[in-house]
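# Chains, contacts and geometry: an overview
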Amino acid sequence: MSGQTRSGGRPTLEEVAVRAGVGRGTVSRVINGSSKVSGHTRAAVEAAVAELGYVPNRAARALAANRNDAIALVVPEPEARFFAEPYFAGIVRGVGAALAETDVQLVLTLAGNERERRRLAQYLSGHRVDGVLLVSVHAEDPLPELLAELGIPTVLSGRRSAAETLPWVDSDNLAGGAGAVRHLLDRGRRAIATITGPPDVYGARCRLDGYRRALAAAGHPVDELLIADGDFTEEGGRRAMRELLERRPGLDAVFAASDVMAAGARRELRAAGRRIPEDVALVGFDDSVIARHMDPPLTSVRQPVEEMGRTMARLLLARIAGEERDAAVVLPTELVVRESS
């Protein structure tokens, strides 16, 4: 009878083999997707699996394949930034969507301080995951080298430098920054300031390079006093905006390297009595939910964050499986124009 086994409990691999009239090894090959099984035999095994309601033991399969069926998403940032920055939520959604098609579990780990990093290093040294997705990498971060030494397949979100050796997925930060500045120039703005991300983040440097290139291409000299460092936080954006107003009170536009920093800049501009966009045009980067809900709605460079997460996960799964894939993927950006500019 369908669903019944001699043991009366959960169907076993051996019982499937008996029902299908084949050996245990043949059943295992069919379940694991081997091509070394005839169509007739495969059909018999699949029919037996369906009749008995057999469910493969994932833990046993993973052990046999020397796999954990788990990957880690590591964010070397403080908890406060992780929950405040929409970028990270987008990456997690994209990774989750890619893994939903598999049996692989996702382990989320924050490593924003030295104690958390030591604990993470100990955890990874035990090879409890099959691979790592590393998000928000800084230039001197030791984690990528640790992962390379441990031989754990790794994919980065972004790069540490132009000479990155590990596989990575990134958006076109250079083109995005240049496009934002060209837009402001086209709107007649001439004293265009920028609030950068941290200088040890390669993507932030690329956005600044885009700012510089767009001004140079338009024949405008770069005024270093119109450049202020930020840290991808709202308070950092506000602090940088305050510095810029003190240095160049006549500025008429600001390109902030993230929407969160643009939100901080907007607060400071309003505190200084500057209207947006009448007095100062404002452009951000990310096109996050923050951009759509600001007053006025924020013009922003859209980077496909969820697609970045999906691409990272698929690239990592391919590397874990031993498949050759591109080691570097650059996804395009798009300027979304709203009332702030």
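Residues numbered from 1 in each chain as written. Predicted model: local features only at pLDDT ≥ 70, side-chain atom pairs only at ≥ 80, totals over all residues. Heavy atoms only, no water.

## Description of the sheet that holds strand β9 (residues 281-286)
Which entries qualify depends on this criterion: Here the rule is simple: two strands pair whenever DSSP picks up at least two bridges between them. Helix and strand definitions here come from DSSP, where helices need a minimum of 4 consecutive H or I residues and strands a minimum of 2 consecutive E residues; each element is numbered from the N-terminal end. A fitted line through C-alpha atoms represents every axis, and for helices the fit uses only the stretch in contact; the resulting angles, taken between N-to-C directions, go from 0 to 180 degrees. We call two residues in contact whenever any of their non-hydrogen atoms come within 4.5 Å of each other.
Spatial ordering of the open sheet is given by β7-β6-β8-β9-β10-β12, a layout of six strands whose pairing is mixed. Two strands lie at the open edges of the sheet, namely β7 (227-229) and β12 (334-336), each paired on one side alone. Strand-to-strand twist in this sheet, taken as the mean axis angle between neighbours without regard to direction, amounts to 20°. Inspection of the sheet shows strand β10 (residues 299-302) paired to β12 by three bridges, in the antiparallel sense. Bridging across to β12, Arg 302 finds its partner in Glu 334. Strands β6 (192-196), β8 (253-256), β9, β10 and β12 of the sheet are contacted by helix α9 (residues 173-186), whose axis makes an angle of about 165° with β9. Seen against the sheet, helix α10 (residues 202-217) touches β6, β7, β8 and β9 and runs at an angle of roughly 165° to β6.

## Some thoughts on the confidence of the model for the protein
The line we're drawing: The predictor rates its confidence in each residue with pLDDT, a number between 0 and 100.
Within the protein, residue pLDDT values average 89, and 92% of them lie at 70 or more. Scored below 50 in pLDDT, residues 1-7 shows twelve contacts in the model against residues more than four places distant or in partner chains.

## Observations concerning the environment of Leu 245
Examined against the element boundaries, Leu 245 turns out to sit in helix α11 (residues 234-247). Apart from residues lying up to four places away in sequence, Leu 245 is in contact with Leu 251, Glu 268, Leu 269, Ala 272 and Arg 274.

## What to know about the pairing of strand β1 (residues 70-75)
The side chains of a regular strand alternate between the sheet's two faces. Rules: The buried label applies to any residue whose accessible area, calculated with a 1.4 Å probe on protein chains only, is under 20% of its type's maximum; exposed applies above 50%, and partly exposed to all values in between.
The element β1 is extensively covered by neighbouring structure, given that six of its six residues are classed as buried. Burial along β1 is two-sided: the face carrying Ala 70, Ala 72 and Val 74 and the face carrying Ile 71, Leu 73 and Val 75 are both buried. Sheet analysis places β1 next to strand β2 (residues 105-110), joined by six bridges and oriented parallel. The residue bridging Ile 71 from the neighbouring strand is Leu 106, located in β2. In this sheet, strand β3 (residues 131-135) lies alongside β1 in parallel orientation, the contact comprising four bridges. Pairing of Val 74 across the sheet is with Leu 134, part of β3.

## Observations regarding α11
For clarity, the cut-off: Multiplying one less than the number of residues by 1.5 Å gives the expected span of a helix.
Its 14 residues give α11 an end-to-end C-alpha distance of 20 Å, which sits within 8% of 20 Å, the value for a rise of 1.5 Å per residue. Within α11 the residues assigned to the buried category are Gly 236, Gly 237, Arg 238, Ala 240, Met 241, Leu 244 and Leu 245. Tucked into the core, α11 has its buried residues touching β6, β7, β8 and α12 (259-271).

## Quick notes on empty space enclosed by the protein
Our working definition: Note on definitions: the grid is 1 Å and covers protein atoms alone; a cavity is a set of points where a 1.4 Å probe fits but cannot get out; a pocket is an open set with protein on both sides within 12 Å along at least five of seven lines; lining residues have an atom within 4 Å of a point. Grid points are joined across faces, edges and corners, and a volume is the space filled by probe spheres set on the points.
If you walk through the whole model with that rule in mind, you get one cavity of 30 Å³ or more. What the largest cavity holds in volume is close to 290 Å³. Contributions of two or more residues to the lining of the largest cavity are made by α6 (86-99), β5 (168-171) and α10. In terms of residue count, α10 provides more of the lining of the largest cavity than any other element does, three residues in total.

## Some words on the pairing of β3
Counting buried residues along β3, five of its five residues qualify, which places the element largely inside the surrounding structure. Neither face of β3 is exposed, since Gly 131, Leu 133 and Val 135 on one face and Val 132 and Leu 134 on the opposite face are all buried. Bridge count between β3 and strand β4 (residues 154-157): four bridges; the pairing is parallel. Residue pairing in the sheet places Val 135 in a bridge with Ser 157 of β4.

## A short note on the nonpolar core
The following threshold applies: Joining through side-chain atoms within 4.5 Å is the link that ties buried Ala, Val, Leu, Ile, Met, Phe, Trp, Tyr and Cys residues into a set, and such a set is a nonpolar core.
With 43 residues, the main nonpolar core has Ile 195, Tyr 211, Met 241 and Leu 251 as its most contacted residues. The set of elements that each furnish at least two residues to this core consists of α9, β6, α10, β7, α11, β8, α12 and β9. In this structure, Phe 88, Ala 98, Met 308 and Ala 313 belong to the second largest nonpolar core, which totals 25 residues.

## Focus: the sheet that holds strand β11 (residues 328-331)
Taking strand neighbours across the sheet as the criterion, the six strands line up as β2-β1-β3-β4-β5-β11 in an open arrangement whose pairing is parallel. The outermost strands of the open sheet, each flanked by one partner alone, are β2 and β11. On average, adjacent strands in this sheet sit at an angle of 20° to one another, irrespective of strand direction. Helix-sheet contacts for helix α8 (residues 143-150) involve β1, β3 and β4, and the interaxial angle to β3 is about 170°.

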